[in-house]
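Take a look at the letters that make up each chain.
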Amino acid sequence: MPHPRHRSRASAVALAVTATTAVLAGPPAHGAALHATAGPVPDTRVVTGAVVHPVDEGGTARIDVSVTTTGSGPTAAPVTVAYTTDDRGAGKDGDTAGSSPAEAGKDYLPVSGTLVFPAGTPSGTTRSITVRTLADDAGEEAETIPVRLTADGARAPDETPSVVVNAHGLPYLDPRLPVRERVADLLSRMTLREKAGQMTQAERGALRAPGDIAAYGLGSLLSGGGSAPAPNTPEAWAGMVDAHQLRTRATRLQIPLLYGVDAVHGHNNVIGATVMPHNIGIGAARDPGLAARTGAVTAREVRATGVPWDFAPCLCVTRDERWGRSYESFGEDPALVTAMESVIDGMQGAPDGRDLDRNDKVLTTAKHFVGDGGTAFGSSTTGSYTIDQGVTRVTREELETVHLAPFAAAVRHGVGTVMPSYSSLDVLGDGQGPVKMHADGEMINGVLKDRMGFAGFVVSDWQAIDQIPGDYASDVRTSIDAGLDMIMVPTDYPGFTRTLVAEAEAGRIPAARIDDAVARILTQKFRLGLFEKPYADTTHLASVGSPEHRAVARQAAAASQVLLKNEGGVLPLRPGRNVYVAGSNADDLGNQAGGWTVTWQGASGRTTTGTTILDALRKSVAPGTTLTYSQDASAPTAGHDVGVVVVGEKPYAEGMGDVGNGHDLELSAADKAAVDRVCAALPCAVLVVSGRPQLIGDRLPAIDALVASWLPGTEGDGVADVLYGRRPFTGRLPVSWPRSEGQLPLNVGDRRYDPQYPYGWGLTTLHGTPRGGEPVLRAIGLAARALAKAGLGDSAAARRLVDRARLVVQGRVGQHVTEAVAKPFAEADHLLLTGDPAGAVDRLTEAFRAASGT
């Protein structure tokens, strides 16, 4: 399929037709409704290439009519199709947003006739009907010309095709006008029902009929995790989105859909897309520039498939790794989360939104506002969840410094949308008790929109308003009054729109609140350029999963690897050594990518395209050497020089992955056995592929090298790059690594802090690791103070200085991490991220002295 930079409307419609036949519910070539006037032949039917045929005023529309047969054989009997244009009405019965009927002789030239398909006509044979429209000088809303069809000798589908004369000449359609003027003009033309439709987001698989997009004037569709076209290819995604978008052309104002997906580590719903490390790995990399590049790759792949909106990034601050979403966080420190928000720049471009109409940028979503990473273990009341969707109990100071700070930064980055959390917020001392975030007007209206100045729109999480106490009308009223602008329904969109309209008509939701919500949504649609280019621009479709994009993911995977221990110089591996590989995660792409990969919870196995760690190791060994793989380590180890054991977790996602809900922080019995067998026989490196720390302290003495290999995505080559020394280990822990589950929650800044490895810990295989004692640290401290005095406390030079001091301290500490060492060491990393390199060096010096016993 050709991929022009800006596809014409005619070719976009053709692609939408293709998607309709392949993706939407119904039989192949799902098309127009025909009314049979004679007994139908069971294996023959008549279809149209599309139901909606948009055309600019004065243009000519073509409706393709085909006969198809079961088994694709020729027709057994003749088929006659009679057609006539009809201006008696537009759209289906009960249409609340459909376009007005066009007037014959004024808006178009009426046509009628018959199409004859003789017996023996090959299946798929097509005849065409043309309808010529007439031009005048007046600006108008869209007008519809139904083309009534009857058929003899064939079975009829469900819908009548229509020609739609596009809306034209109205101020909101003029791209030369400022966005605010376009929004005001469009808003003034909308009915309450049309406004309610814009505030509604439905799941694409929940549509009762494709025509409901126009009938309810839906403003948005989404694909939930695992909701994909068949086949699940980039081309099919673009076609699917265009098919849905085509339906909006049948509304009088032709407001385009805003389609959204959870592309949380690459375009992860799409088989063959580039899958990045999860956010926890990006946080380990500590590289804002690299984070931005991963965001840019994701945005390009998402937008190429016709999707302009991404429900990412997650700006939660994970405070308890028993949480099944902890890997969606950049880390436990709000300063680290804030530093990694450069990913928003990579995805959206400039903070003022001027880049959003580019074909390689998407609208972003800061989630989940606010405090979802701080829920207390055991506080969840959702099914068998133990911590997800629970209650975050914090002081006002902790709320501000830990959980709100990343959202204030996101607003400065220009994030386009914000999604509240399922969780409840309980601010200690305010006397209110827990409040569901979707009902918390103080936080959404008062803090996010008013104090922070957030100008985008707020979208609910999946069916989240249903968790607000009260009946459904109360849920709708409470959430909208609290500041939600769009509701991810996601299935009962008729019920939601009906309720929203009723509440507004009764005066229980102010008209001004409705107008504010719709204006915020329309603003982003205009910024995205959807009114000018509603269909997929597939210029970059070939880049989905491309070598160039995978190179970025490979670099991110390498940078995310954290070397926790390296006794005897086991790493990097020398290419000439014979390697023994074991463990459950050595050759499992699904485990390596984690949850939110192709499906919501993810799955083990080769679920998408990529390179496992074992694949990459096999490519790395030198010719003439041996690499043996034995998952359970049952094969003989004799004749090998070193063992690599890749262990860890299987995929999971929110709620289902909570510790206590069928999960824990222990390695499986099989993985423990593999570690024991290999490390007893050979010098060994153990890689823990997981979304959170695993309890491994009891095996540390037998392990020579230990790597936290945070869910690295599809590019196992990045892991092999650091194992074999093509890139040095530079990653640092984004969360504290506990000694036991009983220590959790455990975070930098805690009064008592005694982890196995502290936040910020990470050894390196860089050549020239610095040596020295306090004199070296004093010199580094003086240089850091000079940089801070010059206003360069947040510079790359300052970070290099503190990195040097950190390596000096780690060299002295070795594996003897005590509480006296860990606490100042972790706090140093926090200080560096807040722009205080001198303070960071002071804390590292304190850790050095504790390690030295002075």
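About the thresholds
Residues numbered from 1 in each chain as written. Predicted model: local features only at pLDDT ≥ 70, side-chain atom pairs only at ≥ 80, totals over all residues. Heavy atoms only, no water. Helix = DSSP H or I, 4+ residues; strand = E, 2+ residues; numbered from the N terminus. Buried < 20%, exposed > 50% of the residue type's maximum accessible area, 1.4 Å probe, protein only. Disulfide = S-S within 2.5 Å. Pairing = 2+ DSSP bridges. Core = buried A, V, L, I, M, F, W, Y, C linked by side-chain atoms within 4.5 Å. Contact = heavy atoms within 4.5 Å. Expected span 1.5 Å × (residues − 1). Axes fitted to C-alpha atoms, helices over the stretch in contact; angles between N-to-C directions. Salt bridge = Lys/Arg side-chain N within 4 Å of Asp/Glu carboxyl O.

Caption draft 1: Broad picture of the side chain of Thr251. With respect to the helices and strands, the residue Thr251 is situated in the loop between helix 5 (234–247) and strand 13 (258–261). Take Thr251: its relative accessible area is 7%, and that puts it in the buried class.

Caption draft 2: Layout of the state of the cysteines. Following the criterion strictly, the structure yields one disulfide and no others. In this model, Cys679 is linked to Cys684 through a disulfide, with the two sulfur atoms separated by 2.1 Å. Taking the sign of the S-S torsion, about 100 degrees here, the bridge from Cys679 to Cys684 comes out right-handed. Cys684 shares its class with Cys679; the two are buried.

Caption draft 3: Spatial organisation of the sheet that holds strand 21 (residues 487–488). Spatially, 14-13-12-11-21 is the arrangement adopted by the five strands of the open sheet, whose pairing is parallel. At either end of the open sheet lies a strand with only one pairing partner, and these are strand 14 (309–310) and strand 21. Bridging between strand 11 (residues 200–203) and strand 21 involves two bridges; their strand directions are parallel. Bridge pairing in strand 21 links Thr200 to Ile487.

Caption draft 4: Examining the nonpolar core more closely. Residues Phe369, Leu571 and Val686 are the most contacted members of the largest nonpolar core, which totals 209 residues. In this structure, Phe369 is in contact with Leu404, Phe407, Val418, Met419, Pro420, Ser421, Met437, Met443, Ile444 and Leu448, ignoring residues within four places of it in sequence.

Caption draft 5: Just helix 13 (residues 493–505), in detail. For helix 13, spanning 13 residues, the distance from its first C-alpha to its last is 18 Å, which sits close to the expected 18 Å at 1.5 Å a residue. Where helix 13 is buried, its residues touch helix 3 (192–198), strand 11, helix 4 (212–215), helix 12 (472–482), strand 21 and helix 14 (511–527). Once helix 13 finishes, Gly507 follows within two positions and takes phi at roughly 80 degrees, a positive value.

Caption draft 6: Structural context of the environment of Thr854. The topology assignment puts Thr854 in the segment after helix 23 (837–852). A C-alpha to C-alpha distance of 39 Å links Thr854 and Val646, two positions 208 residues apart in sequence. Not counting chain neighbours up to four residues away, the residues in contact with Thr854 comprise Glu774 and Arg849.

Caption draft 7: Seen up close, the pairing of strand 17 (residues 417–420). The alternating pattern of strand 17 places Thr417 and Met419 on one face and Val418 and Pro420 on the opposite face, and all of these are buried. Here strand 15 (residues 365–369) runs beside strand 17; their pairing, made up of four bridges, is parallel. Its bridge partner lying in strand 17, Lys367 is registered against Met419. Here strand 17 runs beside strand 20 (residues 457–458); their pairing, made up of two bridges, is parallel. Note that in strand 20 the partner of Val418 across the bridge is Val458.

Caption draft 8: Representation of the sheet that holds strand 26 (residues 684–689) within the structure. Here we have six strands laid out as an open sheet, ordered 22-27-26-25-23-24, and mixed in their pairing. Edge strands, defined here as strands with exactly one partner in the open sheet, are strand 22 (562–566) and strand 24 (627–629). When the angles between neighbouring strand axes are averaged without regard to direction, this sheet yields 15 degrees. Examined bridge by bridge, strand 23 (residues 579–582) and strand 24 share three bridges and lie parallel to one another. Paired with Tyr580 across the strands is Thr628, a residue of strand 24. Of the strands in this sheet, strand 23, strand 24, strand 25 (642–648) and strand 26 are in contact with helix 17 (residues 613–620), which crosses strand 24 at around 160 degrees.

Caption draft 9: Quick peek at the pattern of salt bridges. Applying the stated rule across the entire model yields 51 salt bridges. With a closest N to O distance of 2.6 Å, Arg252 and Glu141 form a salt bridge. With Arg252 in the loop between helix 5 and strand 13 and Glu141 in the loop between strand 8 (126–132) and strand 9 (143–152), the pair connects residues that are 111 residues apart, well separated along the chain. Classification of Arg252 by relative accessible area gives buried; the value is 14%. The class for Glu141 is partly exposed, based on a relative accessible area of 24%. Here Asp485 ties to Arg513 by a salt bridge, and the two come within 2.5 Å at their closest N and O atoms. You can see Asp485 sitting in the loop between helix 12 and strand 21 and its partner Arg513 sitting in helix 14, a full 28 residues away along the chain. Each member of the pair, Asp485 as well as Arg513, is classed as buried. Connected through shared salt-bridge partners, Arg286, Arg732, Asp803, Arg806 and Asp829 make up one network.

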